[in-house]
Amino acid sequence: MSTASAANGRLIPPSKVGTITFSQRDVPGRLAIATGNPVMGFLGGPGFPEDPTDLGPLVPLPGGWRELFEFFAGVGIKQVEFAGYGQNAANPGGTASYPTDGNAAGRAAYLDYAGRLRGFLDEFGLEAIGNHGFVPSTWNGPNSPGGVMSAADELRLRTELEFAAILGMPYMGTGGDPTNAGNRNIEPWTIAGEKWTALNQLSVGEYGIQMYTHNHSPAYHFLQDGPMVTVTEDRVTGAPIAPTQVRAESGKRLMQHYLDTTDPSLVVVEMDIFWAHVAQHQWRWRYDENGDRVEDIFDPLAQVARQTKRYALYHAKDGDRTTQPPGVGNGYDMVPFGDPRSDIDFARFFRKQGAKGFHNPNYEQDNAPGGTADPGQSLRFTHISAANMNGLRG
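Bear in mind that the values here come from a model prediction, so they are computed numbers and not experimental data.

(A) The arrangement of the packing of helix 1 (residues 64-75) against helix 9 (residues 377-391) in detail. Packing of helix 1 against helix 9 leaves a shortest axis separation of 9 Å and a crossing angle of 35 degrees. The handedness of the crossing between helix 1 and helix 9 is right-handed. Residues Leu68, Phe71, Phe72 and Val75 of helix 1 lie in contact with helix 9, whose contacting residues are Leu379, Thr382, His383, Ala386 and Asn390. Along the lines of polarity and charge, the residues of the contact of helix 1 with helix 9 split into six nonpolar, three polar and no charged.

Next up, the structure:
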């Protein structure tokens, strides 16, 4: 992936350069510099981030939300997707969580905490773009048994929506699929579409917030939407196998069925671009209505481009291609965004996705934290990634 300048200018507007705080999940829980007892580590020297090996001197590391947001602003990040709201209680702003019993005093304290987080965001000119948080699990949609969610879940959902509204979020999400991606039958995915349309009718209608799901590679496997057929070839290798009964696949992917069964004016999703490329590596063959093994390779860019405004958010997670053969393993290892080892063409992706300036890409790297051996690593990787997102041209 090249971040070199080109005539067409920036591919990610400055106001859309974001990150999900799962990448920096070690930072909120450690003591802030302001407490007088910070963790020491390396944030990079004068040649950093152009030279990622220039670690610089040992320095106090930011801790807690306020100092993390200050760091984000300093490296060119403007949008924040939360992966949990808690921090070390000794840090500026303290902490609070949703009370397990839903009591009024606990909910009020939780919402007061949202106001303090909003103050930190505003102080450094940042926007809360979304989160990975609560979605009611006691309810599968308006046509499911019972037809309504539990009173406790509805109270929690409304409180979380109010928390998100205080933060100024246009979107509120979850880190999971709309339903169990291990079940590829068509029926649960249809029900999931009904559930998420109903959730968005509430969230958009009453709070002005769109609720979204997130997806990894299983969500782009083939929907099992055909008749039962007998197959005699291994899906991945094509080697002969004993005759086996499976449900045939038309070629439609799970997430596409979900998109087709939800209201496009209400329901958006978040694509993890790394995991979409893993899906391209993994889910390359299907069994058709005759039981024949058919190659049918997933194209993440085409998936977005034909319905681009359904993909309001991304995880801009980069990957280095492994030597694993197609269908084996993940096919990619995670690296900082724009790393020279990258084999995901983000310049092409953002150039051809359509609706320029609409999408909200958030840098993510699951393996960014360096633990006690290198506690500054997640922040250095964030700096590298933010520089490359801001420098992406095409």
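(B) Representation of the layout of surface pockets. In this structure, the largest pocket occupies an estimated 250 Å³ of space. As for the largest pocket, its lining consists of Pro49, Glu50, Pro52, Pro336, Gly338, Asp339, Pro340, Arg341, Phe381, Ile384, Ala387 and Asn388. A breakdown of the residues in the lining of the largest pocket according to their chemical character gives seven nonpolar, two polar and three charged. Here the second largest pocket defines a volume of roughly 200 Å³. Contributing to the lining of the second largest pocket are 13 residues, with Asn140, Pro178, Thr179, Lys195 and Trp196 lying nearest its centre. Residue composition of the lining of the second largest pocket, grouped by class: seven nonpolar, four polar and two charged.

(C) Structural context of helix 2 (residues 104-123). An ideal rise of 1.5 Å per residue puts 28 Å on 20 residues; helix 2 measures up with 29 Å between its terminal C-alpha atoms. Three or more residues of helix 2 are buried, namely Gly106, Tyr110, Leu111, Tyr113, Ala114, Leu117, Phe120 and Leu121. Taken end-on, helix 2 shows its buried residues confined to a sector of 160 degrees, consistent with a single buried face. Turned more than 90 degrees away from the buried face of helix 2, the exposed residues are Ala104 and Ala105. Contact partners of the buried residues in helix 2: helix 1, strand 4 (79-82), strand 5 (127-131) and helix 3 (151-167).

(D) Main features of the pattern of salt bridges. According to the stated counting rule, one finds 17 salt bridges in the structure shown. Between Arg118 and Asp122 there is a salt bridge, and its shortest N-O distance comes to 2.9 Å. Residue Arg118 and its partner Asp122 are located together in helix 2, separated by four residues, close to a single helical turn. Arg286 is the partner of Asp296 in a salt bridge, and the nearest nitrogen-oxygen pair spans 2.9 Å. You can see Asp296 sitting in the loop between strand 12 (293-295) and helix 7 (300-305) and its partner Arg286 sitting in strand 11 (residues 285-287), a full ten residues away along the chain. Take Asp296: its relative accessible area is 23%, and that puts it in the partly exposed class.

Criteria and thresholds
- Residues numbered from 1 in each chain as written.
- Predicted model: local features only at pLDDT ≥ 70, side-chain atom pairs only at ≥ 80, totals over all residues.
- Heavy atoms only, no water.
- Axes fitted to C-alpha atoms, helices over the stretch in contact; angles between N-to-C directions.
- Helix = DSSP H or I, 4+ residues; strand = E, 2+ residues; numbered from the N terminus.
- Left-handed = near helix turned anticlockwise from the far one by under 90°.
- Contact = heavy atoms within 4.5 Å.
- Nonpolar A, V, L, I, M, F, W, Y, C, P; charged D, E, K, R; others polar.
- 1 Å grid on protein atoms, 1.4 Å probe; cavity = no way out; pocket = protein on both sides within 12 Å on 5 of 7 lines; lining within 4 Å.
- Points joined across faces, edges and corners; volume = space filled by probe spheres on them.
- Expected span 1.5 Å × (residues − 1).
- Buried < 20%, exposed > 50% of the residue type's maximum accessible area, 1.4 Å probe, protein only.
- Arc of directions from axis to C-beta.
- Salt bridge = Lys/Arg side-chain N within 4 Å of Asp/Glu carboxyl O.

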